[in-house]
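Coordinate analysis (summary)
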Amino acid sequence: VSNQNGGCREKISTITPNFGLFLSNKVYYRMHELFAQVLSKRDLSRAGDLFSIEDSAIVNDLSEVLKRIQEISSRPDYLTNDNDQSVVEICITRVTTAIRETSSIERHGPALVSLWESCLNHNLKPLSRDEDPPHAKIASDIMSCIFQNYSKPSIMKLAVPVAVKFLQQGNKELSRNMSSYLSLAAIENAGLLARHTKHIIDSIIAGNRSLIRVLPQIYQEAPEPINKRVPDLVRQLKECDGSERGNMLQLLSLVAKKEPKLMLPYVNTLVEFLPSPPTTTQVLPVLVDMATANATPFVGMLGSLQKTAEQQPMCLSGVAKIVGAIGRTDEAEAKDCLFYLVQQLSNADHSSLPVLLGEIKTLVDRNPNQLTDHIKEINRYNDSSSSAARLIVQQLQQQAARSCGSTPPPEGAVEKDAPSPATSPTPQAVQTTTNKLSPSQTTTAPSSVTTTTPTQTSP
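Residues numbered from 1 in each chain as written. Predicted model: local features only at pLDDT ≥ 70, side-chain atom pairs only at ≥ 80, totals over all residues. Heavy atoms only, no water.

1. Points about the packing of helix α7 (residues 105-118) against helix α8 (residues 134-147)
- Contact geometry of α7 with α8 gives a least axis separation of 10 Å together with a crossing angle of 155°. With respect to each other, α7 and α8 are oriented roughly antiparallel. Every pair of crossing elements has a handedness; the one defined by α7 and α8 is left-handed. Touching Ile105, Leu112, Val113, Leu115 and Trp116 of α7 are Ile138, Ala139, Ile142, Met143, Cys145, Ile146 and Phe147, all from α8. (Axes fitted to C-alpha atoms, helices over the stretch in contact; angles between N-to-C directions. Helix = DSSP H or I, 4+ residues; strand = E, 2+ residues; numbered from the N terminus. Parallel < 35°, antiparallel > 145°, perpendicular 65-115°, else oblique. Left-handed = near helix turned anticlockwise from the far one by under 90°. Contact = heavy atoms within 4.5 Å.)

Laid out in structure tokens, this is it:
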């Protein structure tokens, strides 16, 4: 409606008594009368009455209300005007409540994000220990409303690029809250966050380590930006608390599976976390993947690994895999590692026994001459309750028999060279032969008679 005369306002007010007119950019917009009054006059005395209006009566006005709030909060005197700050705070609460109750975030999202982004143009650093600046309060209220809708791609597409900018504004509380919201966004929008990996890692390095939790989801979408920052991230391990370290090790486990060579320079750093029960089960899979790719950096660490398995028996399977990988580096290491693995068979449970035997078999496949010294101990597990363990034991038995140049006889078979009942001499025949010999012949066997000793097959 063009502003030609004052009668125009009166006419519309008569027809729609609950609505007022608001001038913005020389165009009049229709708005609920109470909202129009509160915003135009910054009338704090009436602002509380906004909560008595039905959501349906104002839902069409919310984007325009948000624009008016942005205009007020951008005024030069806003920072020192307590009245305006209170009016804006109440109006934002009323708007976000209406958006939530009417499920109209997708309709009003652009205006809400625009107001949120405008806060970046102002100081967000705390004024004192317990007081945030006005625009930090606005940003905090709005982000809560926005990220309740993290499952809506259209809203996250608008919000995520703005959200990462708040990480570098020097407000720790705001950054910490943003980290929680971004972790929600990462559940279904990791691809959007991946575009901002640099800002996220920079924030982590600056001390916002709670943000580490979003990196595993990002890594599965875009690993390369994170691979480039592995040295920076590993250095953060010692600074992390329990949950943060767990998230970091989860990320490094993904890196070790995909690019294990990137992790090899940090073997010593990771091994330091083995003795600590809270991190042992998290760091061990990382070390297993690294050792499988290249065990050379692990040579000389057999003692540390043995101690870990001794103190935390549930880690025996993981330790066995690393020990097996070390043994595959050369024959000398194989001998020590094989001895250790066989020694641990007596400590193995149903799940770790096949792992130990599998590593033993891998080592003796490469060094068959080392099996003979251990086959007796291995044979004790031929009747294990684990079918996988029994199968490996049988394979090792066959391998040991082949290395001796013979094969174990099938069960129930008669040995080849054993005399059969049909050809064995009877007692009478032996007596007759003896009687025919002269006394001198009975003491010395004739040279023409050959005594045959049956050849026995090695077991």
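2. What to know about the confidence of the model for the protein
- When the pLDDT values of the protein are averaged, the result is 84; 81% of them are 70 or greater.
- For the protein, the element scoring lowest by mean pLDDT is helix α1 (residues 7-15), at 36; α7 scores highest, at 97.
- Note on residues 1-28: pLDDT is under 50 here. Beyond four places in sequence and across chains, it has 41 contacts. (pLDDT = per-residue confidence, 0-100.)

3. Concerning the pattern of salt bridges
- Evaluated as defined, the whole model comprises 18 salt bridges.
- With a closest N to O distance of 3.6 Å, aspartate 84 and arginine 42 form a salt bridge. Of the two residues, aspartate 84 sits in helix α6 (residues 82-102) while arginine 42 sits in the loop between α2 (33-41) and α3 (44-47), which places them 42 residues apart along the sequence.
- Two residues, arginine 209 and glutamate 244, come together in a salt bridge whose shortest N-O distance is 3.7 Å. Placement of the pair is arginine 209 in the loop between α11 (197-205) and α12 (215-221) and glutamate 244 in helix α15 (residues 242-258), with a sequence separation of 35 residues.
- Classification of arginine 209 as partly exposed rests on a relative accessible area of 21%.
- By sharing partners, the salt bridges in this structure join Lys198, Asp202, Arg229, Asp232 and Arg235 into a single network. (Salt bridge = Lys/Arg side-chain N within 4 Å of Asp/Glu carboxyl O. Buried < 20%, exposed > 50% of the residue type's maximum accessible area, 1.4 Å probe, protein only.)

4. So, the side chain of glutamine 399
- Turning to its location among the elements, glutamine 399 is positioned in helix α24 (residues 387-403).
- Since its relative accessible area comes to 12%, glutamine 399 is described here as buried.
- At 3.4 Å, the side chain of glutamine 399 and the side chain of aspartate 365 are in polar contact. (Polar contact = N/O pair within 3.5 Å; in protein donor to acceptor, adjacent residues only side chain to side chain.)

5. Observations concerning the environment of threonine 292
- Tracing the sequence through the fold places threonine 292 in helix α18 (residues 277-293).
- For threonine 292, a relative accessible area of 56% translates into the label exposed.
- Residues threonine 292 and alanine 325, 33 residues apart in the sequence, show an inter-C-alpha distance of 6.0 Å.
- Here valine 288 takes part through its backbone oxygen, which lies 2.7 Å from a polar atom of the side chain of threonine 292.

6. Describing the environment of threonine 80
- Topologically, threonine 80 is positioned in the loop between α5 (62-73) and α6.
- Taking C-alpha positions, threonine 80 is 9.4 Å from proline 134, a pair spaced 54 residues apart along the chain.
- There is a polar contact of 3.2 Å between the side chain of threonine 80 and the backbone oxygen of aspartate 77.

7. Thoughts on unusual backbone geometry
- Even without being a glycine, arginine 42 presents a positive backbone phi close to 50°.
- The backbone phi angle of serine 103 is positive, close to 50°, even though this residue is not glycine.
- Within the secondary structure layout, serine 103 lies in the loop between α6 and α7.
- We classify serine 103 as exposed; its relative accessible area is 64%.

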